[in-house]
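A look at the structure
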Amino acid sequence: MPQGFTDVSGMRFDETEEQKILLEQVDRVCKELRPIEDRCYLEHRQNDEVRKRFGSAHLLGLPISKEYGDGQGVDMVTYALALQRIGREGTCVRTFFSGHVSLGMLTVQKYGDAEQKSRYLTLGTRGEKVMAFGLTEPGAGSDPASLSTSFEEKDGGFVIDGRKMWISNGSIADSVIVFAYPKGRKEGMCAFIVDAESDGFSASPIENKMGLYSSDTAEILLEGCRVDKGSMLGIPGKGLSVAYSALMGGRLSVAAGCVGVTQDCLDEAAQYSSIRVQHGKPIAKHQLVQRHIGIIAVNLEAARWLTLYAASLYQRHLEDRTDMTLRAQADIAISKAKLFAAKASFDAANRAVQVFGANGYSIENRPARHLVDTRVCQIYEGTNEILEQKIAVSVLGKDFESYS
Ligand SMILES: Cc1cc2nc3c(=O)[nH]c(=O)nc-3n(C[C@H](O)[C@H](O)[C@H](O)COP(=O)(O)OP(=O)(O)OC[C@H]3O[C@@H](n4cnc5c(N)ncnc54)[C@H](O)[C@@H]3O)c2cc1C
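A quick note: this is a predicted structure, and the numbers were derived from the prediction, not measured.

Rules used in this analysis
Residues numbered from 1 in each chain as written. Predicted model: local features only at pLDDT ≥ 70, side-chain atom pairs only at ≥ 80, totals over all residues. Heavy atoms only, no water. Helix = DSSP H or I, 4+ residues; strand = E, 2+ residues; numbered from the N terminus. Rg over C-alpha atoms; globule rule 2.2 N^0.38 Å. Buried < 20%, exposed > 50% of the residue type's maximum accessible area, 1.4 Å probe, protein only. Contact = heavy atoms within 4.5 Å. Near = heavy atom within 4 Å. Polar contact = N/O pair within 3.5 Å; in protein donor to acceptor, adjacent residues only side chain to side chain. Domains from an automatic or database assignment. Pairing = 2+ DSSP bridges. Patch = residues over 30% accessible without salt bridge, like charges linked within 9 Å, V, L, I, M, F, W, Y side chains within 5 Å. Areas by Shrake-Rupley, 256 points an atom, 1.4 Å probe, with all protein chains shown as cover. Salt bridge = Lys/Arg side-chain N within 4 Å of Asp/Glu carboxyl O. Phe/Tyr/Trp six-rings, centres within 6.5 Å; stacked < 30°, edge-to-face > 60°. Lys NZ or Arg CZ within 6 Å of the ring centre and 35° of its normal.

Some thoughts on the overall build of the chain
Each helix and strand in the chain was counted, giving 10 helices and 10 strands. A compact globule built from 404 residues would reach a C-alpha radius of gyration of about 22 Å, and the chain, at 21 Å, matches this within 12%. For the chain, the spread of C-alpha atoms along the principal axes amounts to about 80 × 50 × 45 Å. Here the chain holds 404 residues, and 54% of them are scored as buried. Of the contacts made within the chain by residues no fewer than 6 positions apart, 73% connect residues no fewer than 24 positions apart.

This is the structure we're talking about:
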């Protein structure tokens, strides 16, 4: 059980001394990164310093076992607290963690065999290798079961053919977790760890995104891509379970990141409004401006506690993966946290832009960046609509499932 957040009935959420020390380290790296991130964002350049700086501070392996490289073995609540801080730096910085750590390494930790864990987690936690997660395709987004990437066994290995779209870290990754069906079938999906250096693998960045300018999002082509036998991740035929399970960790990271975005919008709006003078007084003294700040503050609290509660349930699930009731509870708590926190962060960014007036419309200021960047959090790793339906079915029961 994670310390500090175990006893919800006791309603004490104090950070432990260990958490405080860790969060100070994360805060230091975040502060170092901010000017670099500002430059990369305005120049539309992927920010490789995120990997390097967090890597050299030994902070890329936070939730990964100490057995591997720089793994720190922290619990999910502590990891979520770190992601909340990282999220304040923006959705680009946090998305790197979601792709590499939450969807990539955590999935290998959960499903990999000894060889895969040693190979990918040792270097991944040190930032010497980067991971990505390739589920989405041009024709399969909310419905991953309809994907068309296929594989066949050949010469003692596998040959994979398909196209993956909108993959975070996709063109900077050294390895990508990819999902495919056996050729000619639409059942028995399998997961593979595909190295970017494999024959038949290519990736290209997606241009003209509405935001996320310093984050890499890529299209990946697998054209007769050859991988060895040991690249299959998890039980053959259970790839969809690997994907859904990975998305629990991924969604939690999005929720935590959105809490950070909301916090940053609150800080920015409070600071700007107390300095900007109109009608003879700081605009923070105008009640309608105060309303924006009050609403952001309430949503921030709600998003934070939903996220930490979901993280504590997820931690309990990881400690006992045989308890399916606990898994379902964690899954729904994470969905609620992600849905709420994503909407809250977009609303907070919108309000912060409003408080800044015309200055809010410039991407040289943080609210505008948050507004365009955090928008994706209502789309990736489960759209609002998919999560709303999932949550509704958890109330109504399986007979009310609106899609299969
Ligand atoms: C910047 C960015 C980064 C991303 N990173 C990754 C990544 O690292 N890895 C990865 O695999 N994917 C990634 N994605 C893809 C993302 O997960 C998908 O975009 C998402 O799952 C939605 O799929 P879609 O875009 O195909 O939309 P669609 O599934 O086509 O949905 C379009 C609309 O229809 C609605 N809809 C669909 N089905 C239903 C239904 N049954 N009921 C009600 N409404 C429905 C949706 O909610 C949505 O509003 C990323 C996307 C972006 C934009």
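Observations concerning the site of the ligand
In the vicinity of the ligand, 19 residues are found, and the nearest of them are F133, T136, S142, W166 and T383. Contact distances for the ligand include 2.6 Å between an oxygen atom and a side-chain N or O atom of T383. When contributions to the shell around the ligand are tallied by element, the ones reaching two or more residues are β3 (157-168) and α10 (384-396). When we break the shell around the ligand down by domain, the ones giving at least three residues each are domain 2 (133-233) and domain 3 (239-400).

What to know about the pairing of strand β7 (residues 217-228)
Pairing between β3 and β7: 9 bridges, direction antiparallel. What sits directly across from F158, in β7, is V227. Inspection of the sheet shows strand β6 (residues 201-205) paired to β7 by 5 bridges, in the antiparallel sense. Bridging from a neighbouring strand, S202 pairs with L221 of β7.

Details of a nonpolar patch on the surface
There is a patch of nonpolar side chains on the surface, built from V395, L396 and F400 and spanning about 340 Å² of accessible area. Using a relative accessible area of 52% as the deciding quantity, one classes F400 as exposed.

Regarding the packing of aromatic side chains
Applying the stated rule across the entire model yields 8 aromatic pairs. Here the aromatic rings of F158 and F192 are separated by 5.1 Å at their centres, their planes lie at 65 degrees, and the arrangement is edge-to-face. Note that F158 is positioned in strand β3 and F192 in strand β5 (residues 190-195), a separation of 34 residues in sequence. Taken as a pair, F158 and F192 share a single burial class, namely buried. Aromatic ring contacts, followed pair by pair, group F54, F96 and F97 into a single cluster. A cation over an aromatic ring shows up here: R321 above the ring of Y111, its NZ or CZ 5.3 Å from the ring centre. Positioned above the aromatic ring of F346 is the side chain of R375, whose terminal nitrogen or guanidinium carbon lies 5.5 Å from the ring centre.

Such coordinate-based values are descriptive only and should not be taken to indicate function.
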